[in-house]
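Notes for the structure review
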Amino acid sequence: MVERAELRGRLAVEALRSDPRRLAGTEAGTWFDAGWKRRIVRRALARLPRSLRPSDAAFWAGVRSTASRAEWRRLTRSSYVALYYHRLAGDGKVGQERLDVAPERFDRQIRLLRLLRFRPLAPLDLQAFHAGELTDLPPRSYLVTVDDGFRDCVEPLLRHADVRPQLFVPTQEVGGRSWWAGDEPLASWEELERLASAGVAIGSHTRRHASLPELDGPALVDELEGSRRDLEARLASVPLLAYPHGRSDAASRSAARAAGYRAAFTTDPGRNGAGTDPYQLRRIGVKAWDSRLSFLWKVATGELLPARWEAWRIRRARPSSLRRRAKRAGRAA
Ligand SMILES: [Zn+2]
């Protein structure tokens, strides 16, 4: 068993040499499917004597024994974390705690990444990376994504256009209101044009914020291909997609590919490596209650906070928002 797994690992590297683009969907492309803890254990186990290795570690030991340093780095190091945001208003509206991060907090987070030399990943590099044309990403690569195109995001994103944020908009709702989330005003086409010319990449979030697994063939084509055309007709856009509500299934993923998108984001947490399915890219949501430390945890691992830490952050955040609300109520009275 163990020898067979090791042989599979060696053969996987040779298959990759004959076609470096063929990585997603193969066993050698699954390194980042495991969380950070399992990856550490796997690295340690792969160093054990052959007879003690479990079969997963044997596979990776086989890969390691055949791969060059650059190939090993591509498979197990080269990766990035994609963050996602929604509103950047900080207006403390009840029911939007999960959607809204205050703009000053967003500013601090971007400053912190800059200070710690995290490197923003440009949309073209992202596409080249998943197409197998760019094989090495610098350490601490990250991506800021923002869904829905709320008007309150415009100014914060203009301030930080140099980190190449990606904004995903439902193209038939531009300039309207977010009926699917709090009925807030959405940015207009003019505002999106300003963002695009400043360097913010505008991508698709379908036409009408559609939940794609619920649609059949023609409706899928309309939402996906239609939205890409809407964007191309109005501004310099990128053929990237974020699934509304993070939801996709096999049919919508293949429709996204057929509609000309080069990659698509879910809201499942984790890091993205060269072997990650480009139509199921992982992202981690930044929340209003994230501290500097919990934010760094997210951008370093791409994963959710451990449950107790998250619960503690939420408890810590609540009193201050209650105080703010009480103050406002006092002023109004
Ligand atoms: Zn959305």
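Structure first, text after, so check above.
In this report, the structure presented in the accompanying data block is examined. (Residues numbered from 1 in each chain as written. Predicted model: local features only at pLDDT ≥ 70, side-chain atom pairs only at ≥ 80, totals over all residues. Heavy atoms only, no water.)

Describing the overall build of the chain
The number of helices and strands found in the chain is 12 helices and 9 strands. Taking 20 Å as the expected radius of gyration for a compact globule of 333 residues, we find that the chain reaches 21 Å, a close match to that expectation. For the chain, the spread of C-alpha atoms along the principal axes amounts to about 75 × 45 × 35 Å. Burial analysis of the chain (333 residues in total) assigns 51% to the buried set. Counting contacts in the chain only where the partners sit at least 6 residues apart, residues at least 24 apart contribute 65% of the total. Accessible surface computed for the chain: about 15,900 Å², of which carbon and sulfur atoms make up 53%. With 60 positive and 40 negative side-chain charges, the chain shows a separation of 9 Å between the mean positions of the two kinds. (Helix = DSSP H or I, 4+ residues; strand = E, 2+ residues; numbered from the N terminus. Rg over C-alpha atoms; globule rule 2.2 N^0.38 Å. Buried < 20%, exposed > 50% of the residue type's maximum accessible area, 1.4 Å probe, protein only. Contact = heavy atoms within 4.5 Å. Areas by Shrake-Rupley, 256 points an atom, 1.4 Å probe, with all protein chains shown as cover. Lys, Arg positive; Asp, Glu negative; His and termini not counted. Charge placed at Lys NZ, Arg CZ, Asp CG, Glu CD.)

Concerning the pattern of salt bridges
For the structure on display, the rule yields 28 salt bridges. Salt-bridge contacts for E225 lead to R229; the nearest nitrogen and oxygen are separated by 2.6 Å. Of the two residues, E225 and R229 both sit in helix α9 (residues 217–234), 4 residues apart, roughly one turn of that helix. A cluster of three or more residues bridged by salt bridges with shared partners is formed by R87, D91, K93, D152 and E184. (Salt bridge = Lys/Arg side-chain N within 4 Å of Asp/Glu carboxyl O.)

Observations concerning unusual backbone geometry
Phi at R140 is positive, roughly 60°, even though this residue is not glycine. The topology assignment puts R140 in the loop between α6 (123–130) and β3 (141–147). Of note in this structure, H245 is not a glycine but carries a positive phi near 60°. Among the structural elements, H245 can be located in the loop between β6 (240–242) and α10 (250–258). Residue H245 is classed as partly exposed on the basis of its relative accessible area of 45%.

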